[in-house]
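Examining the three-dimensional arrangement
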Amino acid sequence: MRVLFVSSEVSPFSKTGGLADVSGALPGALVRAGADVRVVTPLYRGVREGGWALEPAGVCEVPGPAGGEVATVFSATLPSGPQVWFVDHPRYFDRPGLYGERGQDYPDNLERFSFFCRAVLGWIRTCGWQPDLVHCNDWQAALVPVYMRTVEASHWDRVGTVLTVHNLAYQGLFGADQFPGLGLPPDLFSPRYLEFWGRVNVLKGGLVFADVLTTVSETYAREIQTEEFGCGLEGVLRERSADLYGILNGADYSVWDPRHDPHIPARYGPEDLSGKAVCKAALQREMGLRADADVLLFGMVSRLVEQKGVDLVVACVDRMVQAGAQLAVLGTGDPKLEAALLRAAEAHPGAVGVRIGFDERLAHWIEAGSDAFLMPSRYEPSGLNQLYSLRYGTVPVVRRTGGLADSVVDATPEALARGEANGFVFEAYSPDALWEAVARALATYRDRETWLRLVRSGMAADFSWDRAAGRYVELYRLAVAKRRAVPS
């Protein structure tokens, strides 16, 4: 199975969020599962200046409505093994940001990523390597299956396509006046295809034309077919429900495992948790928290936005401190939520520590040094931090949504008796519901034997990418078979 994996960001070369982590880890797991995988992504300024060993690979023509252009392609290798092709075009990608600057998207993002999508197909026609399956990710790559099934259909009639939606809230919406620049037939700007309330919706086009659709957890696959979570595309997704699958993201245990994590003060594993106590003491010092081995320390590493439930944490923080808990938060996001957390830290010195920004080392310290981890998300397509927390023996406290529902088993008496419980789960999106889960965690923490059972149950779980890769290979075969069954 020859797989072309198309993504607008790939860790460690470029990153704004979880898409990069997936794109950096899944291709290597696919290779271990027996696939021949090549990754293609833009050559951003940060990649060029990052000191990576980039080798010239060639050039390709990129058709467009105003005449053809040329893209230069460079090559490198992922740490996990697969070859990565970088599409270079200085006008589009030699910029400080991936998608924008200072909180504002670049106004020509549709032009930039439609060029990228056509360059991907142009390069494959040129390079001599032909995939059986093209796996596209999010709206930035969603025009690839659109072009493959319309203006470039003659070349791709036996090549299957998979489109993965990592977060349906980001759809690639643009003004109708930009549609002609895509070089697509005019009748595709209609409600059946790319038109969405008078605008161009790039993700919708991919959802219509890809052979198989996936998203990043089974629960999220069901949720996005509802009005509450469908972001206006629930009708399209329900129409394609037979082709929509949920596969929970994996954790990259080569990076996130306390037994060999180079970032944390002490290594540990389920057989010997003494290193976790060392990490907790170090985290308390780092965050200005009172040194106390017995206090329940909650951690949170997150974008500080309402989607992540930060407003619920702000509403509960006084009760948490009054109950004797500590809280360590790392993140950046909504200035109002940042300010509210900083006020909480000022009001509760020694009990609440907040660091605004992102710090890779501190993120690992919080995972290792916290006793419990807060993820009270309004919605969470997959989530990665709950998977990291389980491996680090840091008990997750989550809302039952998306990938959180698929990976965290609530510590009910029945689940505890079966040895299946690994965290605390609440239902309603409200401060009182979060507080009830926090209170249960506080009560359980005082029962050290039960708490250790939760810790060890989480640490024994396997959410590796190898597990997810097997499911993707199954769907690749399905997509290819489906495509080759269609008459030319």
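Cut-offs and rules
Residues numbered from 1 in each chain as written. Predicted model: local features only at pLDDT ≥ 70, side-chain atom pairs only at ≥ 80, totals over all residues. Heavy atoms only, no water. Helix = DSSP H or I, 4+ residues; strand = E, 2+ residues; numbered from the N terminus. Rg over C-alpha atoms; globule rule 2.2 N^0.38 Å. Buried < 20%, exposed > 50% of the residue type's maximum accessible area, 1.4 Å probe, protein only. Contact = heavy atoms within 4.5 Å. Lys, Arg positive; Asp, Glu negative; His and termini not counted. Charge placed at Lys NZ, Arg CZ, Asp CG, Glu CD. Pairing = 2+ DSSP bridges. Axes fitted to C-alpha atoms, helices over the stretch in contact; angles between N-to-C directions. Polar contact = N/O pair within 3.5 Å; in protein donor to acceptor, adjacent residues only side chain to side chain. Parallel < 35°, antiparallel > 145°, perpendicular 65-115°, else oblique. Left-handed = near helix turned anticlockwise from the far one by under 90°. Nonpolar A, V, L, I, M, F, W, Y, C, P; charged D, E, K, R; others polar. Salt bridge = Lys/Arg side-chain N within 4 Å of Asp/Glu carboxyl O. Expected span 1.5 Å × (residues − 1). Disulfide = S-S within 2.5 Å.

When you go through the protein residue by residue, the secondary structure sums to 18 helices and 20 strands. Relative to a compact globule of 488 residues, whose C-alpha radius of gyration would be 23 Å, the protein shows 23 Å and is just as compact. Each of the three principal axes of the protein carries a C-alpha extent, and together these read 65 × 45 × 40 Å. For the protein, the proportion of its 488 residues judged to be buried stands at 59%. Pairs at least 24 residues apart make up 71% of the contacts formed inside the protein by residues separated by at least 6 positions. Looking at the protein, you have 49 positive and 59 negative side-chain charges, and the mean spots of the two groups are 2 Å apart.

Strands sit in the order S3-S4-S5-S2-S1-S8-S9-S13-S14 across an open sheet of nine strands; the sheet is mixed. Two strands close off the open sheet at either side, each with one partner strand: strand S3 (55–62) and strand S14 (244–246). Adjacent strand axes in the sheet meet at a mean angle of 25° when their direction is disregarded. Across three bridges, the pairing between strand S13 (residues 212–215) and S14 is parallel. Of the residues in S14, the one forming a bridge with Leu 213 is Leu 244.

Further remarks concern the side chain of Asn 201. Checked against the element boundaries, Asn 201 lands in strand S12 (residues 199–201). A polar atom in the side chain of Asn 201 sits 2.9 Å from the backbone nitrogen of Lys 204. If we ignore the near neighbours within four places in the chain, the residues touching Asn 201 are Gln 171, Gly 172, Leu 173, Leu 194, Phe 196 and Leu 233.

With that out of the way, let us pick up the environment of Pro 335. Within the secondary structure, Pro 335 is located in helix H11 (residues 335–347). Judged by its relative accessible area of 60%, Pro 335 is exposed. Put simply, Pro 335 and Leu 304 are 31 residues apart on the chain and 8.4 Å apart in space, counted from C-alpha to C-alpha.

Between helix H10 (residues 310–322) and H11, the least distance of the axes is 10 Å, while the angle of their chain directions is 25°. Between H10 and H11, the crossing angle belongs to the class labelled roughly parallel. Judged by the twist between their axes, the crossing of H10 over H11 is left-handed. Facing Val 310, Asp 311, Val 314 and Val 317 of H10, the residues of H11 in contact are Leu 337, Ala 340, Leu 341 and Ala 344. Taken together, the residues that form the contact of H10 with H11 break down as seven nonpolar, no polar and one charged.

Moving on to the pattern of salt bridges. In total, this model carries 31 salt bridges according to the counting rule given. In this structure, the salt-bridge partner of Asp 211 is Arg 149, at a minimum N-O distance of 3.1 Å. Taken together, the positions of Asp 211 in the loop between helix H6 (202–209) and S13 and Arg 149 in helix H5 (residues 143–149) put the pair 62 residues apart, joining distant regions of the chain. Residue classification places Asp 211 among the buried positions, given a relative accessible area of 4%.

Residues spaced three or four apart along an α-helix face the same direction, because each turn holds 3.6 residues. Between its first and last C-alpha atoms helix H17 (residues 448–460) spans 18 Å; for 13 residues at 1.5 Å apiece the expected length is 18 Å, and the two agree. By the burial criterion, the buried members of H17 are Thr 450, Trp 451, Leu 454, Val 455, Ser 457, Gly 458 and Met 459.

Summarising the element assignment, Phe 358 is placed in the loop between strand S17 (352–356) and helix H12 (360–369). Residue classification places Phe 358 among the exposed positions, given a relative accessible area of 57%. The spatial distance from the C-alpha of Phe 358 to the C-alpha of Glu 152 is 42 Å, given a sequence separation of 206 residues. When residues no more than four places from it in sequence are discounted, the contact partners of Phe 358 are Leu 330 and Ala 363.

Let's shift gears to the sheet that holds S17. With parallel pairing, six strands are arranged side by side in an open sheet as S17-S16-S15-S18-S19-S20. In this open sheet, the two strands that pair with only one neighbour each are S17 and strand S20 (424–426). Going from strand to strand, the sheet's axes swing by 15° on average, the running direction of each strand aside. In the sheet, strand S15 (residues 297–304) pairs with strand S18 (residues 372–375) via two bridges, with the strands oriented parallel. The partner of Gly 299 across the bridge, within S18, is Phe 373.

Another point: the side chain of Ser 302. Inspection of the secondary structure puts Ser 302 in strand S15. According to the relative accessible area criterion, Ser 302 is buried, its value standing at 17%. Contacts of Ser 302, omitting those with residues within four sequence positions, involve Lys 308, Leu 330, Gly 331 and Thr 332.

To continue, consider the state of the cysteines. For the coordinates displayed, the defined rule picks out zero disulfides. For the unlinked cysteine Cys 127, the closest cysteine sulfur is that of Cys 60, found at 9.2 Å.

Right, let's talk about the environment of Leu 362 for a bit. Among the structural elements, Leu 362 can be located in helix H12. Through-space distance from the C-alpha of Leu 362 to that of Glu 111 is 37 Å; in sequence the pair is 251 residues apart. Those residues in contact with Leu 362 that lie beyond four places of it in its chain are Leu 283, Glu 286, Met 287, Leu 330 and Arg 355.

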